[in-house]
Every structure is written in C-alpha cells, then in structure tokens.
Amino acid sequence: QVQLVESGGGLVQPGESLRLSCVASGFTFSMYAMNWYRQAPGKERELVATITSRGNTNYADSVKGRFTISRDSAKSTVSLQVNSLKPEDTAVYYCNARRAAMSLSYWGQGTQVTVSS
C-alpha cells in the first residue's frame, strides 16, 4: 500500500522557518522524482520544488533562495526547508511522488502552513 505522510506544517510569523517532511512507503522511493506542491484557498495547486531520483533540484521562481528540497533514500523521506516565510506562502503543502516513465503519481494528504502576524 502506497503512503505519503507529510508533517511539519504549522502557524508561523512572517520571516520564520519550517521544515516539512514526507515519509514514503509502499513503492521504490529511489526510482521516483519527489515533488512538493501547494494550494492556497481559491487557487490552483502549484509545483513548488522538485528533486529527481538523481538529486537534481528545481524550484518555482516565487520560492527560489528561500526553500530547499532534499531527499534521504535510506529513510524514504523528502523534506522541504522553508525559510523567510511570507503570508503568500500560506497554503496546504502536498508531497508527490512521480515516475513519469510509468505514468505513476502518488499524493500525500497535505500539511497546512499558515504565515500570519
């Protein structure tokens, strides 16, 4: 059974940091690209950060320099370090595993990040 379980969200003030984690199980983690998406109220879900199976990373322009994605294959975990948070970063953050060659994609349940003073 495939599972992606996110944690680490919360309510923070502008400028603060969080570390989001996603623990994967039920599939061969090392063969999947891992992604973090977010969805704010009334908006489309957007891709925030990607790390390939080889460790190459890519970020949305809005988070470059503030967010860092990493993966630990030994623990089947992908993390997202989010720094210098802004109110516009408020959203539900979702972990996604994708293996494009086989058209496979799995989602976690999401973790809420709220940035407010």
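Description of the structure in this document.

About the criteria used
- Here the residue index of a chain counts from 1 through its sequence in written order.
- Only residues with pLDDT of 70 or above have their local features reported here, since the model is predicted, and side-chain atom pairs are shown and tallied only from 80 upward, although totals for entire chains, interfaces and linings are computed over all residues.
- Only heavy atoms go into the side-chain values, all of them from the structure, while hydrogens and water stay out.
- We count a stretch as a helix when DSSP gives it H or I for four or more residues in a row; a strand needs E for two or more, and each element gets its number in order from the N terminus.
- When we talk radius of gyration, it's over C-alpha atoms, and the globule rule is simply 2.2 Å times the number of residues to the 0.38.
- Contact between two residues is taken to exist if any of their heavy atoms lie within 4.5 Å; hydrogens are not considered.
- Relative accessibility thresholds used throughout: buried, under 20% of the residue-type maximum; exposed, over 50%; partly exposed, between the two (1.4 Å probe, protein chains only).
- Polar contacts here mean pairs of N or O atoms no more than 3.5 Å apart (in protein, one a potential hydrogen donor and the other a potential acceptor; neighbouring residues in sequence count only if both atoms are side-chain atoms).
- Residue types Ala, Val, Leu, Ile, Met, Phe, Trp, Tyr and Cys, when buried and joined through side-chain atoms within 4.5 Å, form a set referred to as a nonpolar core.
- By convention in this document, the label disulfide applies to cysteine sulfur atom pairs within 2.5 Å.

1. What to know about the overall build of the protein chain
Along the protein chain, the regular secondary structure elements total zero helices and eleven strands. Its helices and strands in sequence order give the protein chain the pattern β-β-β-β-β-β-β-β-β-β-β, from N to C terminus. For 117 residues, the compact-globule estimate of 2.2 N^0.38 gives 13 Å, and the C-alpha radius of gyration of the protein chain, at 13 Å, lies within 12% of that figure. A principal-axis box enclosing the C-alpha atoms of the protein chain has dimensions of 40 × 25 × 25 Å. By sequence separation, contacts in the protein chain at least 24 residues apart represent 54% of the contacts at least 6 residues apart.

2. Side note on the environment of Arg45
Structurally, the position occupied by Arg45 is in the loop between strand 4 (33-39) and strand 5 (46-51). For Arg45, a relative accessible area of 34% corresponds to the partly exposed category. For the pair formed by Arg45 and Val92, sequence separation is 47 residues and the distance between their alpha carbons is 9.1 Å. In contact with Arg45, not counting residues within four places along its chain, are Tyr37, Arg38, Gln39, Tyr94 and Trp107. Engagement of the side chain of Arg45 in a polar contact is seen with the side chain of Gln39, the distance being 3.5 Å.

3. Side note on the nonpolar core
The biggest cluster of nonpolar side chains holds 30 residues, and the ones touching the most others in it are Met34, Trp36, Val78 and Leu80. Of all the secondary structure elements, the ones that give two or more residues to this core are strand 3 (18-25), strand 4, strand 5, strand 7 (67-72), strand 8 (77-82), strand 9 (91-99) and strand 11 (111-115). Not counting chain neighbours up to four residues away, the residues in contact with Leu80 comprise Leu18, Arg19, Leu20, Trp36, Val48, Ala49, Phe67, Thr68, Ile69 and Tyr93.

4. Concerning the state of the cysteines
Across all of its chains, the model carries one disulfide by this definition. Through a disulfide, Cys22 is tied to Cys95; the S-S separation comes to 2.2 Å. Judged by the sign of its S-S torsion, about -80°, the bond between Cys22 and Cys95 is left-handed. Here Cys95 lies in strand 9 and Cys22 lies in strand 3, a separation of 73 residues in the sequence. Looking at Cys22, the relative accessible area reads 0%, which means it is buried.

5. Structural notes on the environment of Met34
For Met34, the location among the structural elements is in strand 4. Residue classification places Met34 among the buried residues on the basis of a relative accessible area of 0%. Residues Met34 and Val78, spaced 44 residues apart in sequence, show a C-alpha to C-alpha distance of 7.0 Å. If we ignore the near neighbours within four places in the chain, the residues touching Met34 are Leu4, Phe29, Ala49, Thr50, Ile51, Ile69, Arg71, Val78, Cys95, Asn96 and Ala97.

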